[in-house]
Every structure is written in structure tokens, then in C-alpha cells.
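Per-entry structural report
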Amino acid sequence: MTAGPILRRSAPFLLAALSGLAAGLTHPNASFLPLLPVALVPLLFALRGNGRGRAAIAGGVFGTVFWLTTIPWIAFTVERFGEMPRPVALLALFLASVLLALPFAAMGWLVALADPRRPLAVAAAFPAAWVVQEGIRTYFLGGFPWALLSAPLADVPPLSQSAALGGVLLTSGLVALVNASVFLALVSAGRSRAAWLALAAGIPALAFGLGRERLARAERAPGPDLPELRVLLLQPNVAQEVRFDDAARSSIYVDLLARTEAALGSAPADLVVWPESAVPYSWPWARLLRDDVVSLCRRHRTAVLLNTVWSDAPDDDEAPYYNSALLVTPDGAVLPPYHKQRLVPFGEYVPLASVLRRIRPISRAVPGSFSPADRTVVLPLGDWKLGGAVCYEVVYPWIARAEVRAGANLLFTLTNDAWYGRLGARRQHWQAAAFRSVETGRPLVRAAITGLTGVVDAAGRSRTIPMDQPGELRVTLGGRSGLLRPLAPPPAVRLGDAVLWVCVGGVAAGILRRRVSQPRRPAGDPAP
């Protein structure tokens, strides 16, 4: 076979790889946002005219390259903290990328199955299939809704406001529609080309204009009459390697208490927020920690929100234990704590434990397993009701929605992103958290060991402490105006996953239409 046919047969996969690279570069660390309206165009060319098998492979190639570009911090973590050779770490990154690419392969298969041929059908089918793919990533096998297509728009709050209407998946669908419009402009001519270019330019322009208008209206909109809440966020900046040193545990704890005392001594606060893993002891088993924190709260008339390992029966070795957020006031711990609902596989539990725990490196790396919470808990602090997320689970929109429905008027997240170095994970994580504020109309406070620590207002605008340095951030929430107070829950809270189900129905209708409209072969005709 000559080079020409080989190149023609491999062209869709090369285009898919190019598209995956472009999409990955829109996320941190590169954060090259101008690529976002066109990053998926090569993928659309790759899917064009291909059967289900080749379309699925093209989607898988796209996803593999996308993840290799977006999550290189996986290799860093495996090499640095798993103490694995670099080739093994790179292999782990590649295998993770291939596995995570499966929803993209499913998307390519769905597009080919629907086989949209008319321009309007393409403009409907591709964004719908994209949203279905992100829905699969959110829910299937525990989900991994990381680095969604619209996540980079968190850095441009006017462009993220559509999430208040239908959630982050609606915003992703609009971005996919812009890309589909650019593709259709390239394959059309004359007035059709002009119309598709106008749509491609008009969607972001309209979204930006309406987003700015929503921000301005929200500033003046009446809200609940809540007392002001003075919040102090601490960023200790303790490197992960230091936390592994048993000899350093006492100094880490003493330093955290000293920083907190000094900050409260300079200016009072109603709530102090410590990051995940900031305290090297666990509340149920550490009397010193219990005495110190309650004493601190009483001296400064404040409350402390901290992360701890929790057990309802600390003397029972067989009792389940949780990764939890505990609110402590001058009267002691507020019970029950918030327990983490979505755990990190191979970090907080081992999937298929009866089999995989026989592999010694796995059993050594994850000696025990946390239990996931089976219900939503909102932490009361006077008139304020705190809805939480511990670390990674802030990427799940349904958790924040459930907390707002349960009465939460302030969101928080406690995290330790020191595991991931400087390869983009921390900003990717922050972008997901910012979308939770837009979707729910609730301000969000976030404390992280090495960053990003900060506050997101009720419409997605943020203020942070620089990463990789110790610091503190003070913010006063509440008041009668501005966005550092809860807004009326936007439609996204009530609608939940409606956008996803509409897209599932749309894709199914497209597939059914294609199957029904295919001409049937007369009886006796040979199959092609």
C-alpha cells in the first residue's frame, strides 16, 4: 500500500489527535482560551463520513490525547509520591488517559449512529452527543467530571453565566455548538457559510452581553436578610513531602495553631477555615486537638471548620470511618459532621478490593478504605447553613445542588492539592469549584494547603491567595447588596440534570430517525 492511501485512512485519527491537543491546551496550565471556539473542529472533520467503528476510534484518540495534555500531573504524582520509576509513571498516565477516553469513544459512536447529514442535524447532534459524553463522565462508574469543555470559562465570569440556567453541561453544549457552527461554515458556501459564521460569533457575543447584564442585576437583586459573616481562610503552604515526615507532625500542628492565633489576634473572625489534611491528628482519637480547638474558639468567640478522619464509634476497629468536615464552635463540635460522598479511587478506597488488595503495592499504598456518606448534611452556623465538599467531590454538580435544596446558603470546600505539583491540577480544580457558585447562586469559600485558597461570589467572580506561599484571606459575607451573599436559587438548581436528559432524548431521537429512514432491502436481496 502506498503512502497516499495510508495517509487518507489515518487522516481522521490525526485530526482527532490534533483536536484533543487543542482542547487540552484550553485548560490550565496552558489556558489558551482563544482555542476554545475551534478546538473541536478537527474532531468534527474526523467524524465526518466515518462508520461507527472508525468514529469510535477517532473519539478515543481525541480523548487519549486530550487527557495526556490535561492531566500530566498523574505521572508526577505516581513518580513523586508512588516512588515509581518515570517510565512506569508515564505508563500509568497513558493507561489512565486511554481509560478516561472511553466516554469520548462512546460519543463518536453515537454521532456516527445518528449519522447527521444535513447542517441543522449536525448542529443539533454533535452538541447533544457532547453533553451526553460529559454526563457519562459525571455519573458512570462513580464519574470523573474533570476538565469539562466549559471549565476554562470560569476565568471569564460573564461567559459562565449560562450555567445558572441549566448547569455546566448547558454551557458545554453551547461551546460545542459554537465549534459545530465553525465546522459548518467551513464546509458550506455562500449565504450558508455567512449564516454559520454569524452563529459562531453571535453565541459568545450574546452570552457575554447577557452574562454582564446578569452580573449587574444580581448585584442589586434583593436577597435574604442574613447577618454578616466574617470568614478567615488559611493557606499553610506545607509541602506534601513534609506531611509524610512523622517527626514534623507536631511542628505542623503547632504552626497552624500559631498562625490562627496571630490572625485572630490582629482582627476577629466569625469562621476560620482550615484546609483538608491541615491537621495531622483526627478529632475522635485526639483529645489534645479537641481541647485546643474548642479553647481557641472560646477565647476568640469564633468557629473553626476543619477536616478530620471521623468515626461514630472510635473504639470499634470494624466501624466505618469517613473523610469529614467538622464545624467546631465555643460549645464544641457540631454534629453530625459532613462526610465526603464521592471518594477518590486508589486514594481513599480500592475498587474491586477483594481482588486488587492482593496486589501488594496497592494494599500498601491504600491500607484502609473510607466509607462514602449516604446522605447530604448541611452544617448550621447561626443563620448561615454550610454546604460542603471535601477535595475532589466539588467537581460533581449534583452534590452542591442537593445541599442548596437542603437549605445551604454558603458553600465550602476543603482540599489538599499539594499532591499534584505545578502541572495545572490546582487551577483545574478551582475552575470546577467556581462553576458550583454560578449554578447554585451561592458564594463559596475554599481552603487549600498550597493553593488555590480563595472565595467565589454567588455569580462566579473570585479572589485568591497566590499559590505556593503561606497566607490568609479575609472576606465578609452577607449584607443587603453585592454578590458575597446568597442569591435566589437559579433555574439550574430546580432543573438538575434536565439538560442532560434532553440531550439523551435528542441523540436517541436522531438515532431512531436514522434507523427508520434507512431504506429496507427487498426480500431476497443480498446484504451489501
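Residues numbered from 1 in each chain as written. Predicted model: local features only at pLDDT ≥ 70, side-chain atom pairs only at ≥ 80, totals over all residues. Heavy atoms only, no water.

**Brief notes about helix H14 (residues 287-300)**
Helix length check: H14 (14 residues) gives 20 Å between terminal C-alpha atoms against 20 Å at 1.5 Å per residue, within 8%. Burial in H14 covers these residues: Leu 289, Val 293, Val 294, Leu 296 and Cys 297. Looking straight down H14, one finds that the buried residues subtend no more than 155 degrees of arc, so they occupy a single side. Across H14 from its buried face, at more than 90 degrees, point the exposed residues Arg 287, Leu 288 and Arg 298. Summarising the contacts, the buried residues of H14 are in contact with helix H13 (249-266), strand S3 (303-311), strand S4 (321-329) and strand S5 (332-339). Remark: Arg 301 follows H14 within two positions and exhibits a positive phi of approximately 50 degrees. (Helix = DSSP H or I, 4+ residues; strand = E, 2+ residues; numbered from the N terminus. Expected span 1.5 Å × (residues − 1). Buried < 20%, exposed > 50% of the residue type's maximum accessible area, 1.4 Å probe, protein only. Arc of directions from axis to C-beta. Contact = heavy atoms within 4.5 Å.)

**A few points about the packing of aromatic side chains**
All chains considered together, the criterion is met by 20 aromatic pairs. Between Trp 67 and Phe 104, the ring centres sit 6.4 Å apart and the planes meet at 65 degrees, which makes this aromatic pair edge-to-face. One end of the pair, Trp 67, is in helix H3 (residues 52-70); the other, Phe 104, is in helix H6 (residues 102-114), and 37 residues separate them in sequence. The same class applies to Trp 67 as to Phe 104, namely buried. An angle of 85 degrees between the planes, with centres 5.5 Å apart, marks the rings of Tyr 392 and Tyr 396 as edge-to-face. Residue Tyr 392 is classed as buried on the basis of its relative accessible area of 9%. The ring of Tyr 396 carries the charged tip of Arg 342 above its face, separated from the ring centre by 5.8 Å. (Phe/Tyr/Trp six-rings, centres within 6.5 Å; stacked < 30°, edge-to-face > 60°. Lys NZ or Arg CZ within 6 Å of the ring centre and 35° of its normal.)

**Brief notes about helix H10 (residues 168-187)**
Taking 1.5 Å as the rise per residue, H10 with 20 residues should run 28 Å; its terminal C-alpha atoms sit 29 Å apart, in good agreement. Within H10, 16 of the 20 residues are buried, which leaves the element mostly enclosed by the surrounding structure.

**Focus on the packing of H10 against helix H11 (residues 190-220)**
Interaxial distance between H10 and H11 falls to 8 Å at its minimum, and their mutual angle equals 155 degrees. Here H10 lies roughly antiparallel to H11, going by the angle between them. Between H10 and H11 the crossing geometry is left-handed. Between H10 and H11, the residues in contact are Leu 174, Leu 177, Val 178, Ser 181, Val 182, Leu 184, Ala 185 and Leu 186 and Arg 193, Trp 196, Leu 197, Leu 199, Ala 200, Ile 203 and Pro 204, respectively. Residue composition of the contact of H10 with H11, grouped by class: 13 nonpolar, 1 polar and 1 charged. (Axes fitted to C-alpha atoms, helices over the stretch in contact; angles between N-to-C directions. Parallel < 35°, antiparallel > 145°, perpendicular 65-115°, else oblique. Left-handed = near helix turned anticlockwise from the far one by under 90°. Nonpolar A, V, L, I, M, F, W, Y, C, P; charged D, E, K, R; others polar.)

**Points about the domain arrangement of the protein**
Entries for the protein in the domain assignment read domain 1 (10-220) and domain 2 (229-341 + 376-492). Here the C-alpha centroids of domain 1 and domain 2 sit 31 Å apart. Taken residue by residue, the interface counts 38 residues in domain 1 and 37 residues in domain 2. Interface area for domain 1 against domain 2, summed over the two sides, is near 3,100 Å², with a carbon-plus-sulfur share of 62%. (Domains from an automatic or database assignment. Buried area = accessible area lost by both parts, 1.4 Å probe.)

**Points about the confidence of the model for the protein**
For the protein, per-residue confidence averages 90 on the pLDDT scale, and residues scoring 70 or more make up 92% of the total. A low-confidence stretch, residues 354-367 stays under pLDDT 50, and its non-local contacts, those more than four residues away or across chains, total 17 contacts. Every residue in residues 523-528 scores below 50 in pLDDT, and together they form 3 contacts with partners more than four places removed in sequence or on other chains. (pLDDT = per-residue confidence, 0-100.)

**Comments concerning a nonpolar patch on the surface**
Judged by side-chain polarity, Leu 68, Leu 91, Phe 94, Leu 95 and Val 98 come together as a nonpolar surface patch covering roughly 420 Å² of accessible area. When residues of the nonpolar patch are assigned to their parent elements, the largest contribution, 4 residues, is made by helix H5 (residues 86-100). As for its placement among the helices and strands, Leu 68 is situated in helix H3. Classification of Leu 68 by relative accessible area gives partly exposed; the value is 33%. (Patch = residues over 30% accessible without salt bridge, like charges linked within 9 Å, V, L, I, M, F, W, Y side chains within 5 Å. Areas by Shrake-Rupley, 256 points an atom, 1.4 Å probe, with all protein chains shown as cover. Salt bridge = Lys/Arg side-chain N within 4 Å of Asp/Glu carboxyl O.)

**Details of the sheet that holds strand S9 (residues 444-448)**
Pairing is mixed across the open sheet formed by 6 strands, whose spatial order is S6-S7-S8-S9-S10-S11. Looking at strand neighbours, the two that pair on one side only are strand S6 (378-381) and strand S11 (462-465), the edges of this open sheet. Between one strand axis and the next, the sheet turns by 20 degrees as a mean value, whatever way the strands run. One ladder, built from 4 bridges, connects strand S10 (residues 453-456) with S11; its direction is antiparallel. Along S11, the bridge assignment pairs Val 455 with Arg 463. (Pairing = 2+ DSSP bridges.)

**Brief notes about the environment of Arg 513**
Position of Arg 513 relative to the elements: it lies in helix H20 (residues 498-517). You can call Arg 513 partly exposed: its relative accessible area is 41%. Apart from residues lying up to four places away in sequence, Arg 513 is in contact with Ala 114 and Asp 115.

**A look at the environment of Ala 498**
Following the sequence through the fold, Ala 498 ends up in helix H20. Judged by relative accessible area, Ala 498 falls into the partly exposed class, the value being 28%. Between the C-alpha atom of Ala 498 and that of Leu 170, which follows or precedes it by 328 residues, the distance is 9.6 Å.

**Comments concerning the nonpolar core**
For soluble globular proteins, nonpolar side chains are generally found buried alongside one another. Counting 113 residues, the largest nonpolar core has Phe 126, Trp 130, Trp 146, Leu 271 and Leu 305 as its most contacted members. With 11 residues, the top contributor of residues to this core is H10. Taken domain by domain, the makeup of this core includes at least three residues from each of domain 1 (10-220) and domain 2 (229-341 + 376-492). Residues in contact with Trp 146, not counting those within four places in the same chain, are Trp 67, Ile 71, Trp 73, Arg 137, Tyr 392, Val 395, Ala 425, Gln 428 and His 429. By size, the runner-up hydrophobic cluster in this structure holds 29 residues, among which are Tyr 253, Leu 257, Trp 274 and Leu 296. (Core = buried A, V, L, I, M, F, W, Y, C linked by side-chain atoms within 4.5 Å.)

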